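# Residue-level structure breakdown
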Amino acid sequence: MSDSTADWNSEPAGMMKVYQGQNYDLGQSISDLVDNGIDEGADTIEIIINPGEKEEDLFIAIFDNGSGISEDQFDDIMKLGHSTKTDASKLGVFGVGLKLSSLAQANEVTIQSRTKGSAASLRRISAPYVLKRNENKLMKYPVVDSEGNSSAAYEFCQQKMLDEEKWATFVLLEDIHAVDQFVAVNENYKTSLSKELERIIIHLGLTFHRILAKSDVKIEIGTGGRGKKAIVPLHPGMPNETDLD
């Protein structure tokens, strides 16, 4: 029987290019990450799209107050294909939603999480590491500079988790490689990002309209400052619209 099969191997660097080449727009990717939090029991989710001063500073973070991930669960959960979902109507049902949605947008994907009464654990998928070394490895530390200091984006998220104790998990996307998907040639970066933010708000309202309309789940979006906007349910059939056009 051993002669009738052969190992089906894959090359980590080549597969990373496949993962990062997935045709997700930013709204779809964020929806998958929000869905992941809801699937873990979250009733409050905050999306932060912080533009920074220039494109290189842009980071995206999704916080949720779900059940969290313990250290001994993390590596299994991070496996491509791992899923505990049984409802095929949910997003990312094959256990690749969080990873592929994130990598379709960012080169550095950090997930930090804690369960009730436990210390936070962290895993990071670094596309540059995989591409350079051709090894599937997860980092256990955030993005750092040449002097070993954590990135400003991570420090912001870490401080927010400490200050606002309700959060169990955040997913942080840094070194966003998909910026050119929404930055128009004839517009500046922040103008294009502002328009993309409005599209994301509409996309989330449509995607989660049933959950938002029929449950106590709250989804908010902002830039990391004081102002946040609640996502409101938008029925795809627009039943309240009177203009036929």
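In this report, we go over the structure that sits alongside the text.

### As for the overall build of the chain
Check the secondary structure of the chain and you find eight helices and seven strands. Within the span of the chain, comprising 245 residues, buried residues form 44% of the whole. Within the chain, residue pairs in contact and separated by at least 24 positions form 63% of the contacts whose partners lie at least 6 positions apart.

### Topic: the environment of Asp72
Along the chain, Asp72 turns up in helix α3 (residues 71-77). Along the sequence, Asp72 and Ser121 sit 49 residues apart, while their C-alpha atoms lie 9.4 Å from each other. Within the structure, the side chain of Asp72 is placed 2.4 Å from the side chain of Ser70, a separation counted as a polar contact.

### Overview of the packing of aromatic side chains
Two measures describe an aromatic ring pair: the distance that separates the ring centres and the angle between the ring planes. Under the definition given, this model contains four aromatic pairs. Taking the centre distance of 5.7 Å and the plane angle of 55° together, the rings of Phe63 and Trp167 count as tilted. Of the two residues, Phe63 sits in strand β2 (residues 59-64) while Trp167 sits in the loop between α6 (152-163) and β5 (169-176), which places them 104 residues apart along the sequence. For Phe63, a relative accessible area of 0% gives the class buried. Residue classification places Trp167 among the buried positions, given a relative accessible area of 1%. Feature note: the residues Phe63, Tyr154, Trp167 and Phe170 constitute an aromatic cluster, connected by ring pairs. Its end group placed over the ring of Phe63, Lys160 keeps NZ or CZ at 5.5 Å from the ring centre.

### With respect to unusual backbone geometry
For Asn134, which is not glycine, the phi torsion reads 55° and is therefore positive. With respect to the element layout, Asn134 can be found in the loop between α5 (127-133) and α6. With a phi close to 55°, Asp175 is a non-glycine residue in the positive phi region. Here Asp175 is to be found in strand β5.

### Points about the environment of Asp57
Tracing the backbone through its elements, the reader meets Asp57 in the loop between β1 (44-50) and β2. With 117 residues separating them along the chain, Asp57 and Glu174 place their C-alpha atoms 8.1 Å apart. Excluding anything up to four places from it in sequence, Asp57 contacts Asn50, Pro51 and Gly52.

### Observations concerning a nonpolar patch on the surface
Among the surface-exposed residues, Ile202, Leu206, Val232 and Leu234 lie close enough to one another that they form a single nonpolar patch of about 310 Å² accessible area. Counting through the fold element by element, Leu234 comes out in the segment after β7 (228-230). Relative accessible area serves as the criterion here: at 31%, Leu234 is assigned to the partly exposed category.

### Examining helix α1 (residues 12-20)
Along α1, the residues that are buried comprise Pro12, Ala13, Met16, Tyr19 and Gln20. For α1, the buried positions fall inside an angular range of 110° around the axis, keeping them on one side.

### Some thoughts on the pattern of salt bridges
Counting across every chain of the model gives 11 salt bridges. The closest approach of N and O atoms between Lys54 and Asp57, which form a salt bridge, is 3.3 Å. In this structure, the salt-bridge partner of Arg124 is Glu108, at a minimum N-O distance of 2.7 Å. Separated by 16 residues along the polypeptide, Arg124 in strand β4 (residues 121-126) and Glu108 in strand β3 (residues 106-113) bring together distant segments of the chain. Of the two residues, Arg124 and Glu108, neither departs from the other in class, the shared state being buried. Among the ionic contacts, a cluster of salt bridges with common partners joins Glu46, Lys160, Glu164, Glu220 and Lys228.

### A short note on the pairing of β2
Burial within β2 is extensive, with six of its six residues counted as buried. Of the two faces of β2, the one carrying Phe59, Ala61 and Phe63 and the one carrying Ile60, Ile62 and Asp64 are both buried. Examined bridge by bridge, β1 and β2 share six bridges and lie antiparallel to one another. Its bridge partner being in β2, Ile48 is matched across the sheet by Ala61. Of the strand pairs in this sheet, β2 and β5 are connected by five bridges, and their pairing is antiparallel. Across the sheet, residue Ile62 finds its bridge partner in β5, namely Val171.

Conventions used here
- Residues numbered from 1 in each chain as written.
- Predicted model: local features only at pLDDT ≥ 70, side-chain atom pairs only at ≥ 80, totals over all residues.
- Heavy atoms only, no water.
- Helix = DSSP H or I, 4+ residues; strand = E, 2+ residues; numbered from the N terminus.
- Buried < 20%, exposed > 50% of the residue type's maximum accessible area, 1.4 Å probe, protein only.
- Contact = heavy atoms within 4.5 Å.
- Polar contact = N/O pair within 3.5 Å; in protein donor to acceptor, adjacent residues only side chain to side chain.
- Phe/Tyr/Trp six-rings, centres within 6.5 Å; stacked < 30°, edge-to-face > 60°.
- Lys NZ or Arg CZ within 6 Å of the ring centre and 35° of its normal.
- Patch = residues over 30% accessible without salt bridge, like charges linked within 9 Å, V, L, I, M, F, W, Y side chains within 5 Å.
- Areas by Shrake-Rupley, 256 points an atom, 1.4 Å probe, with all protein chains shown as cover.
- Salt bridge = Lys/Arg side-chain N within 4 Å of Asp/Glu carboxyl O.
- Arc of directions from axis to C-beta.
- Pairing = 2+ DSSP bridges.

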